[in-house]
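Here is how the chains run, residue by residue.
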Amino acid sequence: MMGEVGVPFNVLDIIASSKHFSEMWKAFVVVHEATKRTSIKYAYGETLIRELIANNYIDQLTEQHIGKVNSFLGDCFINKYFTRAF
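Residues numbered from 1 in each chain as written. Predicted model: local features only at pLDDT ≥ 70, side-chain atom pairs only at ≥ 80, totals over all residues. Heavy atoms only, no water.

1. Some thoughts on the overall build of the protein
Scanning the protein from N- to C-terminus turns up four helices and zero strands. Along its sequence from the N terminus, the protein presents helices and strands in the succession α-α-α-α. Its C-alpha radius of gyration of 22 Å places the protein more than 25% over the 12 Å reference for a compact globule of 86 residues. In terms of overall dimensions, the protein has a C-alpha envelope of 70 × 30 × 20 Å along the principal axes. When the 86 residues of the protein are sorted by exposure, 8% land in the buried category. As displayed, the protein has an accessible area near 7,600 Å², and 62% of this comes from carbon and sulfur atoms. Charged side chains in the protein number 9 positive and 9 negative. The centres of these two groups are separated by 6 Å. (Helix = DSSP H or I, 4+ residues; strand = E, 2+ residues; numbered from the N terminus. Rg over C-alpha atoms; globule rule 2.2 N^0.38 Å. Buried < 20%, exposed > 50% of the residue type's maximum accessible area, 1.4 Å probe, protein only. Areas by Shrake-Rupley, 256 points an atom, 1.4 Å probe, with all protein chains shown as cover. Lys, Arg positive; Asp, Glu negative; His and termini not counted. Charge placed at Lys NZ, Arg CZ, Asp CG, Glu CD.)

Rendered as structure tokens:
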């Protein structure tokens, strides 16, 4: 394509200068971060639940256990965010 145009260009400059593409890029970054954090939280939750069962802290997994694990991990992620933000 550059051969046809004859002028080198930077795609990131075009994205940054276009209001439409700039806002789409910001939204993509937010969604990507949310997805990444959610999948990490899910993986940690699965690992923690397996460890709790393997070490006999939980006999039978209930919704209450899952809720407590998710709440604990949510608090951990919030604390980690605030310790990095300030």
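2. Considering a nonpolar patch on the surface
On the surface, Phe9, Val11 and Ile14 cluster together to form a nonpolar patch covering roughly 270 Å² of accessible area. Checked against the element boundaries, Val11 lands in helix α2 (residues 11-17). (Patch = residues over 30% accessible without salt bridge, like charges linked within 9 Å, V, L, I, M, F, W, Y side chains within 5 Å. Salt bridge = Lys/Arg side-chain N within 4 Å of Asp/Glu carboxyl O.)

3. A short note on the environment of Cys76
By secondary structure assignment, the location of Cys76 is in helix α4 (residues 63-85). Taking C-alpha positions, Cys76 is 17 Å from Thr35, a pair spaced 41 residues apart along the chain.

4. Let's talk about the pattern of salt bridges
Going through the model one piece at a time under the given rule, you end up with two salt bridges. Here Glu23 makes a salt bridge to Lys19, at a shortest N to O gap of 3.9 Å. Taken as a pair, Glu23 and Lys19 lie in helix α3 (residues 19-54) at a separation of four residues, close to a single helical turn. By relative accessible area, which is 39% here, Glu23 ends up partly exposed.

5. Digging into the confidence of the model for the protein
Within the protein, residue pLDDT values average 81, and 91% of them lie at 70 or more. α4 holds the highest mean pLDDT among the elements of the protein, 87, whereas helix α1 (residues 2-5) holds the lowest, 58. (pLDDT = per-residue confidence, 0-100.)

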